[in-house]
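# Inside the fold
Below, each chain spelled out in residue letters.
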Amino acid sequence: MTEDKILELLDKGEGFTVEFKECFNGLNDSVYETVASFSNRYGGYIIFGITEDDDGKGVVHGVTRSAAPSMKKNFINMLNNPDKISPSLYLNLEEITIDGKLVLWVYIPMSSQVEFCNKKIFDRNGDSDQDITKSSDLVANLYNRKSSTYHEREIFPYVTTDHLHMELLTKVRQ
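These remarks concern the structure in this document. (Residues numbered from 1 in each chain as written. Predicted model: local features only at pLDDT ≥ 70, side-chain atom pairs only at ≥ 80, totals over all residues. Heavy atoms only, no water.)

## Here's the deal with a negative patch on the surface
- Together, E52, D53, D54, D55 and D127 give the surface a local cluster of negative charge.
- Position of D53 among the secondary structure elements: in the loop between β3 (50-52) and β4 (58-60).
- Residue class for D53 comes out partly exposed when judged on its relative accessible area of 30%. (Patch = residues over 30% accessible without salt bridge, like charges linked within 9 Å, V, L, I, M, F, W, Y side chains within 5 Å. Areas by Shrake-Rupley, 256 points an atom, 1.4 Å probe, with all protein chains shown as cover. Salt bridge = Lys/Arg side-chain N within 4 Å of Asp/Glu carboxyl O. Lys, Arg positive; Asp, Glu negative; His and termini not counted. Charge placed at Lys NZ, Arg CZ, Asp CG, Glu CD. Helix = DSSP H or I, 4+ residues; strand = E, 2+ residues; numbered from the N terminus. Buried < 20%, exposed > 50% of the residue type's maximum accessible area, 1.4 Å probe, protein only.)

## As for the pattern of salt bridges
- Going through the model one piece at a time under the given rule, you end up with ten salt bridges.
- Linking K119 and D83 is a salt bridge whose minimum nitrogen-to-oxygen distance equals 3.4 Å. Of this pair, K119 sits in the loop between β8 (116-117) and β9 (120-125) while D83 is found in the loop between α3 (68-79) and β5 (85-86), placing the two residues 36 residues apart along the sequence. Across this residue pair, the class does not change: K119 and D83 are exposed.
- In this structure, D129 and R124 form a salt bridge, with 2.7 Å as the shortest nitrogen-oxygen distance.

## Structural notes on a nonpolar patch on the surface
- Together, L164, M166, L168, L169 and V172 make up an exposed nonpolar region whose accessible area comes to about 490 Å².
- Given a relative accessible area of 40%, L168 falls into the partly exposed group.

## Some words on the packing of helix α2 (residues 30-40) against α3
- For the pair α2 and α3, the least separation of the axes is 11 Å and the interaxial angle reads 55°. As summarised for this structure, α2 and α3 are arranged oblique, according to the angle between their axes. The element α2 and its partner α3 pack so that their crossing is right-handed. Contacts between α2 and α3 involve V31, Y32 and V35 from the former and N74, F75, M78 and L79 from the latter.
- The residue makeup of the contact of α2 with α3, split by class, is six nonpolar, one polar and no charged. (Axes fitted to C-alpha atoms, helices over the stretch in contact; angles between N-to-C directions. Parallel < 35°, antiparallel > 145°, perpendicular 65-115°, else oblique. Left-handed = near helix turned anticlockwise from the far one by under 90°. Contact = heavy atoms within 4.5 Å. Nonpolar A, V, L, I, M, F, W, Y, C, P; charged D, E, K, R; others polar.)

## Brief notes about the packing of aromatic side chains
- Per the stated rule, a full pass over the model turns up four aromatic pairs.
- Between Y32 and F75 the ring centres are 6.2 Å apart and the planes differ by 25°, which places this aromatic pair in the stacked class. Highlighted residues: Y32 in helix α2 and F75 in helix α3, separated in sequence by 43 residues. No difference in accessibility class separates Y32 from F75, as the two residues are buried.
- Ring centres of Y45 and W105 lie 6.3 Å apart, and the angle between their planes is 50°; this geometry places the pair in the tilted category. Pair noted here: Y45 is in strand β2 (residues 44-48) and W105 is in strand β7 (residues 101-108), with a separation of 60 residues, a long-range link.
- Here a set of aromatic residues connected by ring pairs shows up, and it is made of Y45, W105 and Y107.
- Across from the ring centre of Y42, 5.5 Å away, lies the NZ or CZ of R41, which sits over that ring. (Phe/Tyr/Trp six-rings, centres within 6.5 Å; stacked < 30°, edge-to-face > 60°. Lys NZ or Arg CZ within 6 Å of the ring centre and 35° of its normal.)

## Points about unusual backbone geometry
- Following S86, the chain continues to P87 via a peptide bond in cis, the omega torsion being -5°.
- Note that P87 resides in the loop between β5 and β6 (94-98).
- Positive phi, close to 35°, is recorded for C23, a residue that is not glycine.
- Within the secondary structure layout, C23 lies in the loop between β1 (18-21) and α2.
- Residue class for C23 comes out buried when judged on its relative accessible area of 6%.
- Residues other than glycine seldom take positive phi values, yet K119 does so here, at roughly 65°.
- By relative accessible area, which is 60% here, K119 ends up exposed.

Encoded structure:
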């Protein structure tokens, strides 16, 4: 991630794939709801140390430098806590300096599995994270969207070893 890319995201504002979090001195619970909703939708960037101006653009305030190490550690610990996030995600907060201020950011990839936060299912709708746990239609849509995108659990009964290209195994392993 470059400074130019961060500035471009700040200029576009929040949306389906970008979320700003103030979190100057620590992480709040809404961070993990956003992680789950990004993972359940298209993926996206969470940028910490940012507020939103009246035009919806991001304003850099920065994260307190002395708080950054504990924020990074807490983020990793919570993503590996099954009571907070399930299944576990392996992500790290990255640092970048913009205008002399420390900004933390993370890219959340779309997951093939439904991600839970506090035993609830969150999905991204515009620039907000919605709890869809009690909506059977929205949960069904989420499962359908994921199953049509990912085929890792699908059985292909008519595929034989003749369909495999053994010369590609070296690339696959890398």
